[in-house]
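Here's the letter readout for the chains.
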Amino acid sequence: MATSTIDSRVSSATTVVGLVFASLVIGTWLAVHVGAIFLVDWAATWLWLAAPVVVALQCWLSVGLFIVAHDTMHGSLAPQHPWLNRAIGCFCVFIYAGFSYNKLYENHHAHHRNAGTADDPDFDIDHSSSFWPWYFKFFRHYFGWREFGMLTVAVVIYLFILRERFPTMLVFWALPALLSSVQLFYFGTYRPHRVDDIPFDDRHCARSNDLSHFISLLTCFHFGYHHEHHDAPWVSWWKLPAHRRSTINLQYPKVENE
């Protein structure tokens, strides 16, 4: 979609709110990352009781990093400032797992153009209903030699800096990143695009997860409202619940009692 078209749909107020949310996600992720890996003394037994909570929080925030980057791929985070929009997206996917923003951008737009077909890089036409085979193909497609090399460099640097504290990096960065990839895939790709007995409504080959707004936020930052996203990709993640509600109201208007 052309930037001028996005500009006409995304107001300055929406951009400000989106940037505030993006700052909160990125800032909180960085705070947890630095605190958990470098500052907290996990040798205290009672602190390890909090470790699963920290891992779960960082997993959710890692999902948020990707969703913020995803909005930048559609130009909807800061359309009036393309350089800022791209810079935020590049930073998010880099700290997430060393991903190439350009590769993700090209693949994601190919996904939108060819959803649910053999030309869709996110779809596994041979395992369209099988979670794990599809996930492993999805993972191998995006985690290539470049990403392996980037993370190897990061591991060496962290090993040199942390020394005996190195396992904290594995627990509070590597593990949440891996878990978040499963979470993103399940709620944002597999459930919306899997083939089952119920046919898709239109060319988008996408359905939405029927979840409350709170659960939708916890699972995938509303990315599970996936049909609405494909139908209106310029809508920011935090506006998808309202957009979904308005779309449903248009399809099934309330009948006034006479």
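Before any of the text, the structure's been laid out above.
S.K.: Help me out: how do you make sense of the layout of surface pockets in this one?
M.R.: In this approach a probe as big as a water molecule rolls over the atoms, and the regions it shows empty are the leftover space. The volume enclosed by the largest pocket comes to roughly 670 Å³. In this structure, the largest pocket is lined by 30 residues; those nearest its centre are Tyr96, Ala97, Phe99, Ala177 and Ser181. Of all the elements in the fold, those that place two or more residues in the lining of the largest pocket are helix H4 (51-73), helix H5 (82-97), helix H6 (101-113), helix H7 (131-142), helix H8 (145-162) and helix H9 (167-193). Per-element tally for the lining of the largest pocket: the top contributor is H9, with 12 residues. Grouping the constituent residues of the lining of the largest pocket by class yields 22 nonpolar, seven polar and one charged.

S.K.: Teacher, can you tell me more about the packing of aromatic side chains here?
M.R.: When we look at a pair of aromatic rings, we describe it by the centre distance and by the angle of the planes. Applying the stated rule across the entire model yields 32 aromatic pairs. An angle of 50° between the planes, with centres 5.0 Å apart, marks the rings of Phe138 and Phe185 as tilted. Of this pair, Phe138 sits in helix H7 while Phe185 sits in helix H9, placing them 47 residues apart in sequence. With relative accessibility at 19%, the residue Phe138 sits in the buried group. The exposure class of Phe185 is buried, given its relative accessible area of 0%. Sitting over the ring of Phe160, Arg163 keeps its end group 5.1 Å from the ring centre.

S.K.: Which parts of the structure should I look at to understand H8?
M.R.: Residue pairs three or four apart in sequence face the same way in an α-helix, which turns once every 3.6 residues. Given a rise of 1.5 Å per residue, 18 residues ought to cover 26 Å, and the 25 Å separating the end C-alpha atoms of H8 matches this to within 8%. For H8, every residue scored as buried is listed here: Glu147, Ala154, Tyr158 and Leu162. Seen end-on, H8 carries its buried residues on one side only, within an arc spanning 55°. Residues Trp145, Val156 and Phe160 are exposed on H8 and point more than 90 degrees away from its buried face. The inward-facing, buried residues of H8 contact helix H2 (12-39), H5, H7 and H9. Positioned one or two residues after H8, Arg163 has a phi angle of 55°, which is positive.

The rules behind each value
Residues numbered from 1 in each chain as written. Predicted model: local features only at pLDDT ≥ 70, side-chain atom pairs only at ≥ 80, totals over all residues. Heavy atoms only, no water. 1 Å grid on protein atoms, 1.4 Å probe; cavity = no way out; pocket = protein on both sides within 12 Å on 5 of 7 lines; lining within 4 Å. Points joined across faces, edges and corners; volume = space filled by probe spheres on them. Helix = DSSP H or I, 4+ residues; strand = E, 2+ residues; numbered from the N terminus. Nonpolar A, V, L, I, M, F, W, Y, C, P; charged D, E, K, R; others polar. Phe/Tyr/Trp six-rings, centres within 6.5 Å; stacked < 30°, edge-to-face > 60°. Buried < 20%, exposed > 50% of the residue type's maximum accessible area, 1.4 Å probe, protein only. Lys NZ or Arg CZ within 6 Å of the ring centre and 35° of its normal. Expected span 1.5 Å × (residues − 1). Arc of directions from axis to C-beta. Contact = heavy atoms within 4.5 Å.

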